[in-house]
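Per-entry structural report
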Amino acid sequence: MSAQPPHNDLQYGQIKDHSSFMRFVCYFITIVLILFMLRAVADSNIVFNDALYNKIRSQYDDGALERVRDWQTLLSENLDLPIDEKLYRVNNFFNELEFVDDIDHWGKDDYWATPVEFLATEGGDCEDFVIAKYFSLKELGVPAEKLRLMYVTATRLRQAHMVLAYYEQSNSVPLVLDNINRRILPASRRRDLLPVYSFNGDGLWLAKEQGRGQKVQQGGNNNLWNDLNKRMQLGD
């Protein structure tokens, strides 16, 4: 039997520590890259091109194409307006569409349509109104940190609802963009809404009537949010 070399505990420990450190570095780099890609998707610009218009023409009809072109005009002609005017025009533009439940519209209990899908099919539920307004205002230069997709309880309807909240300052009472009450009002004047939580591409907050609420999660809200962003990247 050949003699075994003496075991060098110090050398073995150094190798083990180095291996663990390298695994940690690789893990950290992977997480950073994933977060960067998700943020890049969420912050990407809306692209209007022939490929998009051809896709709309083949899947929908001329009316759908006209509505998406009107949306492009809205975004291109209002970049230099004050923020309150941007809020007003975007809110009014999308509130012209019809409310349709997801189960009737898409055959699913819950589906978050992209703005193109929302416009092309000429309707959607409260989440679709909010999503379209959120991405439109971001495209018009409104900072994402001032916008929140907010889940509320609509007390008069006795049902869950979603609105878009705009915060002028981090501790200010937000303005509410809604498809039920089409006037843009401070949250303090929307006694028919009880906030539950809010989110955007940066995180999730427990909501309250005044101010921004308590941040409880980094990144996007859930799989519906991530799936929505991926479909927008594909031009849906």
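From a predicted model like this one, the values you see are computed outputs, not experimental measurements.

Conventions and cut-offs
- Residues numbered from 1 in each chain as written.
- Predicted model: local features only at pLDDT ≥ 70, side-chain atom pairs only at ≥ 80, totals over all residues.
- Heavy atoms only, no water.
- Helix = DSSP H or I, 4+ residues; strand = E, 2+ residues; numbered from the N terminus.
- Buried < 20%, exposed > 50% of the residue type's maximum accessible area, 1.4 Å probe, protein only.
- Polar contact = N/O pair within 3.5 Å; in protein donor to acceptor, adjacent residues only side chain to side chain.
- Contact = heavy atoms within 4.5 Å.
- Expected span 1.5 Å × (residues − 1).
- Arc of directions from axis to C-beta.
- Core = buried A, V, L, I, M, F, W, Y, C linked by side-chain atoms within 4.5 Å.
- Patch = residues over 30% accessible without salt bridge, like charges linked within 9 Å, V, L, I, M, F, W, Y side chains within 5 Å.
- Areas by Shrake-Rupley, 256 points an atom, 1.4 Å probe, with all protein chains shown as cover.
- Salt bridge = Lys/Arg side-chain N within 4 Å of Asp/Glu carboxyl O.
- Lys, Arg positive; Asp, Glu negative; His and termini not counted.
- Charge placed at Lys NZ, Arg CZ, Asp CG, Glu CD.
- Phe/Tyr/Trp six-rings, centres within 6.5 Å; stacked < 30°, edge-to-face > 60°.
- Lys NZ or Arg CZ within 6 Å of the ring centre and 35° of its normal.

**Some words on the side chain of Asp 192**
Inspection of the secondary structure assignment puts Asp 192 in the loop between strand E6 (185-186) and strand E7 (193-200). The class of Asp 192 is buried, set by a relative accessible area of 13%. There is a polar contact of 2.9 Å between the side chain of Asp 192 and the side chain of Arg 190. Those residues in contact with Asp 192 that sit more than four places away from it in its chain are Thr 153, Ala 154, Thr 155 and Arg 156.

**Section: helix H4 (residues 83-94)**
Here H4 is 12 residues long and its end C-alpha atoms lie 17 Å apart, about the 16 Å a rise of 1.5 Å per residue gives. Residues Lys 86, Leu 87, Val 90, Asn 91 and Phe 94 constitute the buried set of H4. Looking straight down H4, one finds its buried side chains confined to an arc of 120 degrees; they lie on one side.

**What about the nonpolar core?**
Within the largest apolar cluster, 40 residues are counted, with the highest numbers of intra-cluster contacts made by Phe 48, Ile 56, Trp 71, Phe 94, Leu 137 and Met 162. At the level of elements, helix H2 (50-59), helix H3 (62-77), H4, helix H6 (115-120), helix H7 (126-139), strand E3 (147-154) and strand E4 (159-166) are the ones that each hand at least two residues to this core. No other element matches H7, which puts eight residues into this core. When near neighbours in sequence (up to four residues on either side) are disregarded, Trp 71 contacts Ile 46, Phe 48, Phe 93, Phe 94, Pro 115, Val 116, Leu 119 and Ser 136.

**Considerations on a negative patch on the surface**
On the surface, a cluster of negative charge is made up of Asp 61, Asp 62, Glu 66 and Asp 70. Since its relative accessible area comes to 44%, Asp 61 is described here as partly exposed.

**Some words on the packing of aromatic side chains**
Taken as a whole and assessed by the stated rule, the structure comprises 10 aromatic pairs. Ring centres of Phe 118 and Phe 129 lie 4.9 Å apart, and the angle between their planes is 70 degrees; this geometry places the pair in the edge-to-face category. Taken together, the positions of Phe 118 in helix H6 and Phe 129 in helix H7 put the pair 11 residues apart, joining distant regions of the chain. For the pair Phe 118 and Phe 129, one class covers both residues: buried. Grouping aromatic residues by their ring pairs yields a cluster made of Phe 48, Trp 71, Phe 93, Phe 94, Phe 118 and Phe 129. Residue placement shows Arg 148 over the ring face of Tyr 167; its charged tip is 5.1 Å from the ring centre.

**Things to note about H7**
Over its 14 residues, H7 runs 20 Å from end to end, which matches the ideal 20 Å to within 8%, given 1.5 Å per residue. Summarising burial for H7: 13 of the 14 residues are buried, a large majority. The first or second residue beyond H7 is Gly 141, which carries a positive phi of 95 degrees.

**Digging into the pattern of salt bridges**
Evaluation of the coordinates by the stated rule reveals five salt bridges. Salt-bridge contacts for Arg 190 lead to Asp 192; the nearest nitrogen and oxygen are separated by 2.9 Å. Because the salt bridges share partners, they merge into one network encompassing Asp 178, Arg 190 and Asp 192.

**Regarding the environment of Asp 110**
With respect to the helices and strands, the residue Asp 110 is situated in the loop between helix H5 (102-105) and H6. Its relative accessible area of 35% is what places Asp 110 among the partly exposed residues. In this structure the C-alpha to C-alpha distance between Asp 110 and Glu 127, which are 17 residues apart in sequence, comes to 9.5 Å.

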